[in-house]
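# Examination of the molecular architecture
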Amino acid sequence: MARSFLQVAATEEVPSPLRVVQIEGLVILKIIKHCKEFSPALVTGQLLGLDVGSVLEVTNCFPFPIREEDVEIEADGANYQLEMMRCLREVNVDNNTVGWYQSTILGSYQRVELIETFMNYQENIRRCVCIIYDPSRSNQGVLALKALKLSDSFMELYRANNFTGEKLREKNLSWVDIFEEIPIKVSNSALISAFMTELESDTPVTQCDYDRLQMSTKPYMERNVEFLIECMDDLSMEQQKFQFYYRSLSRQQAQQQAWLQKRRTENMARKAAGEEPLPEEDPSNPIFKPIPEPSRLESFLVTNQIANYCNQINGVAGQNFHRLYLMKSLHDN
Amino acid sequence: MAAGDHTVLQLSTPSTVNLSAKVHPLVIFNICDCYVRRPDQAERVIGTLLGSVLPDGTVDIRNSYAVPHTEFAEQVALDIEYHHNMLVSHQKVNPKEVIVGWYSTGLGVTGGSALIHDFYSREVPNPVHLTVDTGFRNGEGTIKAYVSVNLALGDRQLAAQFQEIPLDLRMVEAERLGFDILKTTAVDKLPNDLEGMEVTMQRLLALIDDVYKYVDDVVEGRVAADNSIGRFISDTVASLPKLSPSVFDKLMNDSLQDQLLLLYLSSITRAQLGLAEKLNTAAQIL
């Protein structure tokens, strides 16, 4: 069915859902270098690339300088960004921002600031991702790189700034739905893969393997469990907030009922006396003031964080099992 | 020095002959990327090398960026302002990285390179010149580093000679990443914990098989015995700690139980999370 040009131009293309993030090896190396140099401080940087169909290609990146909490440096930061993008444009690097990357410690990145940054970026760019890199896990031979995106339903809710229980039940949104993890593909240009193959012939064992076979994971696990404990404390605080809210809500309702009863008996008395019945509602009475429901965002984030820690613990414990059995068989022989 | 009978071609004090350079893999990636993206009419790419000079004199090259340039028959023009802008920007992030030299793609050193080297030596006392042969002209990709040494005849400067210095390609970070990711043109999935573990164990198994075969061959006389390898093998086998079986078992079981404890803890936590979730969102005030 032929469509006129106007029709085609008028229909907005539905963006295909983001399925894969394709990163170049160069970008990964840059991120690793930047995060490692400044660890344990947390650093961020900008990702540049192209948005093609259902694949988001990240072809280059540049780091942000560590910003002090100073108002003048705010403008400086924007200048730095523009300067870098302009310079990179001159050497034919893709100039579109497709997101940003940040480093994290032990996977504790779910914070409100992350969501706010996401919303900021989302206003200007149709599709953006955040890449999280964990330098502490790389000491164990695992490339801890994750690409995250906020789910659409969550974004709508956030814009409406409405996190009450009913809304959430309506949308069937639970804490797993906040962040969506997108699988990462790595690509390299042919030239660089030729170089790499040339420079490092296939060694049977690499540093990566040495890292993986290391037995001492105790400090890592200890820190993980420490963070877990802190988060549980936060979670219980949030729970207490909710309990307080519910208690005060039910108390208020009891008060309302009592008041209503009083009004009703008063009205009956008035009717018996032949006077006008008083209204059954009194908005000026403080017990009718609706109590605001605490936002669930924090508790969701904390829950996400805890789940993350649990996953990490599971992963490392699994690896440890392998290693222990390896040791056992070596010893038996 | 008296002019007259004989003049001696003198290379100036070889205080820099002990110089060597270390290159991080990121630099090579950067250079290749810039080469692939170069404008159509340019044959080669030129750029600045950033890094630091280690206390023992070796130059540690950590980062790089390309500088647009134009080249005619005998002249080369570099965009100096761009070079300075990029330098300032880079130093905002990492003030410790300074200019240590420059790079160009293509094999060997050309005439124009001397001019550029001159320019860079005004910025840094002894710049290192890195050439990366992206054309694979010798059938392989050669990466070489040069410093310029002054050739003086008596008191007069004759020329500057590019002298090669040893280059060390430190691939530690790339190794950490796993070469499989960097060598092929596309990797579909990053390996997660357990898959990586599997790969590593397979490699270990292959190694042990190789050693086993070698020892068998030597014992049967098929391969000549090499004493140093034999010593290595015996050292390795001896490095397994000698623990009595009961002590080792106890150790193993303790560690196993620790891990199981942690797994249990994380499962409980998740159950708790599920409960908390239900309480939070499903609860309604009637």
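If you're wondering where the values come from, they're calculated on a predicted model, not measured in any experiment. (Residues numbered from 1 in each chain as written. Chains lettered and ligands numbered in written order. Predicted model: local features only at pLDDT ≥ 70, side-chain atom pairs only at ≥ 80, totals over all residues. Heavy atoms only, no water.)

For the rest of this paragraph, the subject is the packing of aromatic side chains. Residue and element names in this part refer to chain A. For the structure on display, the rule yields 7 aromatic pairs over all chains. Taking 6.0 Å as the distance between ring centres and 75° as the angle between the ring planes, the aromatic pair formed by Phe62 and Phe64 counts as edge-to-face. Here Tyr245 and Tyr246 contribute two aromatic rings whose centre-to-centre distance is 5.5 Å and whose plane-to-plane angle is 50°, an arrangement assigned as tilted. As far as burial versus exposure is concerned, Tyr245 and Tyr246 are alike and both buried. Ring-pair connections join several aromatic residues into one group, and the members of that group are Phe62, Phe64 and Tyr80. (Phe/Tyr/Trp six-rings, centres within 6.5 Å; stacked < 30°, edge-to-face > 60°. Buried < 20%, exposed > 50% of the residue type's maximum accessible area, 1.4 Å probe, protein only.)

Next up on the list: the environment of Met84 of chain A. Relative to the assigned elements, Met84 of chain A resides in helix 3 (residues 71–90). Each C-alpha atom of the pair Met84 of chain A and Asn95 of chain A lies 9.8 Å from the other, and the pair is 11 residues apart in sequence. (Helix = DSSP H or I, 4+ residues; strand = E, 2+ residues; numbered from the N terminus.)

Turning next to the packing of helix 2 (residues 25–38) of chain A against helix 1 (residues 25–36) of chain B. At their nearest, the axes of helix 2 of chain A and helix 1 of chain B sit 10 Å apart, and the two run at 145° to each other. Handedness of the helix 2 of chain A/helix 1 of chain B crossing: left-handed. Of the residues in helix 1 of chain B, those touching helix 2 of chain A at Gly25, Leu26, Leu29, Lys30 and Lys33 of chain A are Pro25, Leu26, Phe29, Asn30 and Asp33 of chain B. Taken together, the residues of the contact of helix 2 of chain A with helix 1 of chain B break down into 5 nonpolar, 2 polar and 3 charged. (Axes fitted to C-alpha atoms, helices over the stretch in contact; angles between N-to-C directions. Left-handed = near helix turned anticlockwise from the far one by under 90°. Contact = heavy atoms within 4.5 Å. Nonpolar A, V, L, I, M, F, W, Y, C, P; charged D, E, K, R; others polar.)

Let us now look at the nonpolar core. By size, the foremost hydrophobic cluster in this structure holds 79 residues, and its most contacted members are Ile31 and Leu47 of chain A together with Leu130 of chain B. Each residue touching Ile31 of chain A, except ones within four places of it in the same chain, is listed here: Leu47, Cys61, Tyr101, Ile131 and Tyr133 of chain A. Core analysis: the second largest hydrophobic core is formed by 21 residues, Cys128, Ile132, Leu148 and Leu301 of chain A among them. (Core = buried A, V, L, I, M, F, W, Y, C linked by side-chain atoms within 4.5 Å.)

All right, on to the pairing of strand 4 (residues 59–67) of chain B then. Residue and element names in this part refer to chain B. Here strand 4 lies mainly inside the structure; 9 of its 9 residues are buried. The sheet contact formed by strand 2 (residues 21–23) and strand 4 spans 3 bridges and is parallel. Note on strand 4: the bridge partner recorded for Lys22 is Asp60. Of the pairings in the sheet, the one linking strand 3 (residues 46–53) to strand 4 comprises 8 bridges and is antiparallel in character. Within the sheet, the bridge partner assigned to Gly47 lies in strand 4 and is Ala66. Joining the antiparallel neighbours strand 3 and strand 4 is a turn of 5 residues, in which Gly57 adopts a positive phi near 100°. (Pairing = 2+ DSSP bridges.)

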